[in-house]
Amino acid sequence: MYKIMTAGPSQVRENVRLARAMETTNPDIDVEFVEYYKSLCDKLEDLVNSSGRAYIMGGEGILGLEAACASLTEEGDRVLVIDNGVFGRGFADFVSMYGGEPVLYTTDYRKAVDADELRAYLEKDSDFKYATLVHCDTPSGMLNPIEKLCPVLAEFGILTVVDSVAAMFGEPVDVDGSQIDILCGGSQKALSAPPGLTMVWVSDKAMDAMLARETPIRSFYANLLTFKSYYEDKWFPYTMPISDINGLGVAIDNVLADQDILGRHARVAEAARAAVTKAGLSMYVDGCYANTVTAFEVPEGTSDAAILKIVKEKHGIMVSSSFDVFAGKLIRIGHMGESANAQDVRQTLAALDDAFEMEGVKLACSMAKAFDEAYK
Ligand SMILES: *Cc1c(COP(=O)(O)O)cnc(C)c1O
């Protein structure tokens, strides 16, 4: 078994794994299951301060992103795709797949999207049904200020779809306060359940937009409206993956019991960044660091593959490389949820120290030692 320090999935606590092994009922016809499902949705709404409705859907995190686009997009709709990272740009594919016209708002991949610049752009063109944004764009470790960007979009009457799959529960999310219309999350990042479930939070405004469509949603599985009256009807559009949901329920309780979850992410991430930079490595993004993942550039004289291989095979730890435009360029330490603890991050940095030494790359100092000094 490897220690999972990747940019998702994250480590899973034993109580979550055990919950997935519990005896199960028939979730289609047992009203107790509907009540349990509803109780989890209520907790999810509270956790991110949403007065709308949360739904848990069977399918990995990507399903939520696709469902948001499938459910809002009609033929010819213009959609603003805010692009300063791989997931940011990726939304354009979902928009076009469902007949919309994605308009890319592309900014520097090293910098967070700026609210004033976005406003200036919208003053010239704001004819968009909705906009897509990514909170933590994981391939680069970028954190976007959704709490500033979504209110600007709302000023112009544009609905907002936010992918916070890799940020929520490691970074603050306030759905009502930030005027987010559809928020997307996944089970396998800071929530620390295994992959397999997506969570979406839908505002009243987003629900009204779906109900006001002139054409039907071009999907069944990715149709958010099919969940709308599950509780009143005691009926789900498809059989719910009950064991996954039992695990998720315990993972949600773990988060609720963890009073210091955001503080822990912040402390671990700050010390990890201090260690990486003190050792002479370069963070990829400039200032806008997510507290769930640390992404740094692969230095001269080695490769991401060589470093990952040593860290995995000699030290039993998995870290991530990156992909798409960052393929071969970055190494990423995931410290989200259960993986966001000082001991595991320190051990990962010690393994990286060793891997760089074996590869003949001279660091300015030991990252493990620098982490100890920086960790408060
Ligand atoms: C992990 C993640 C997702 C879910 O997709 P994967 O299949 O796990 O890649 C969606 N958005 C972001 C930003 C993520 O980090």
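For the structure given in this document, a descriptive report is provided here.

Conventions used here
- Residues numbered from 1 in each chain as written.
- Predicted model: local features only at pLDDT ≥ 70, side-chain atom pairs only at ≥ 80, totals over all residues.
- Heavy atoms only, no water.
- Helix = DSSP H or I, 4+ residues; strand = E, 2+ residues; numbered from the N terminus.
- Buried < 20%, exposed > 50% of the residue type's maximum accessible area, 1.4 Å probe, protein only.
- Near = heavy atom within 4 Å.
- Polar contact = N/O pair within 3.5 Å; in protein donor to acceptor, adjacent residues only side chain to side chain.
- Areas by Shrake-Rupley, 256 points an atom, 1.4 Å probe, with all protein chains shown as cover.
- Nonpolar A, V, L, I, M, F, W, Y, C, P; charged D, E, K, R; others polar.
- Phe/Tyr/Trp six-rings, centres within 6.5 Å; stacked < 30°, edge-to-face > 60°.
- Lys NZ or Arg CZ within 6 Å of the ring centre and 35° of its normal.

### Topic: unusual backbone geometry
Inference 1: The omega torsion across G8 and P9 is -10°, close enough to zero to call that bond cis.
Inference 2: In this structure, P9 sits in the loop between β1 (3-4) and α1 (14-19).
Inference 3: For N49, which is not glycine, the phi torsion reads 50° and is therefore positive.
Inference 4: Turning to its location among the elements, N49 is positioned in the loop between α2 (31-47) and β2 (53-58).
Inference 5: For F169, which is not glycine, the phi torsion reads 75° and is therefore positive.
Inference 6: Along the chain, the position of F169 falls in the loop between β8 (159-163) and α7 (175-178).
Inference 7: On the basis of relative accessibility, which here comes to 7%, the residue F169 falls in the buried class.

### Examining the site of the ligand
Inference 1: Around the ligand lies a shell formed by E60, I62, F87, C136, T138, D163, V165, A166, Q188 and K189.
Inference 2: Contact distances for the ligand include 2.3 Å between an oxygen atom and a side-chain N or O atom of T138.
Inference 3: A distance of 2.7 Å separates an oxygen atom of the ligand from a polar side-chain atom of K189.
Inference 4: Relative to its free-state accessible area of 370 Å², the ligand is covered by the protein chains to the extent of 81%.
Inference 5: Split by residue class, the shell around the ligand holds five nonpolar, two polar and three charged.

### Some points on the packing of aromatic side chains
Inference 1: One pass over the structure, following the stated rule, counts 16 aromatic pairs.
Inference 2: Between the aromatic rings of Y221 and Y238, the centroid separation amounts to 4.3 Å while the plane-to-plane angle is 20°, which identifies the pairing as stacked. Here Y238 lies in the loop between α9 (230-233) and α10 (242-257) and Y221 lies in the loop between α8 (204-211) and α9, a separation of 17 residues in the sequence.
Inference 3: Take Y238: its relative accessible area is 12%, and that puts it in the buried class.
Inference 4: Plain terms: the ring middles of F227 and Y238 are 5.9 Å apart, the flat faces sit at 80° to each other, and that makes the pair edge-to-face. Remark: Y238 occurs in the loop between α9 and α10 and F227 occurs in the loop between α8 and α9; sequence separation between them is 11 residues. Summarising the burial analysis for this pair, F227 and Y238 share the class buried.
Inference 5: Linked through ring pairs, F33, Y37, Y55, Y221, F227, Y230, Y231, F236 and Y238 together constitute an aromatic cluster.
Inference 6: Its guanidinium or amino end placed over the ring of Y231, K38 lies 5.1 Å from that ring's centre, counting from NZ or CZ.
Inference 7: A cation over a ring is seen here: K234 above Y231, with NZ or CZ 3.5 Å from the ring centre.

Keep in mind these numbers describe shape, not what the thing actually does.
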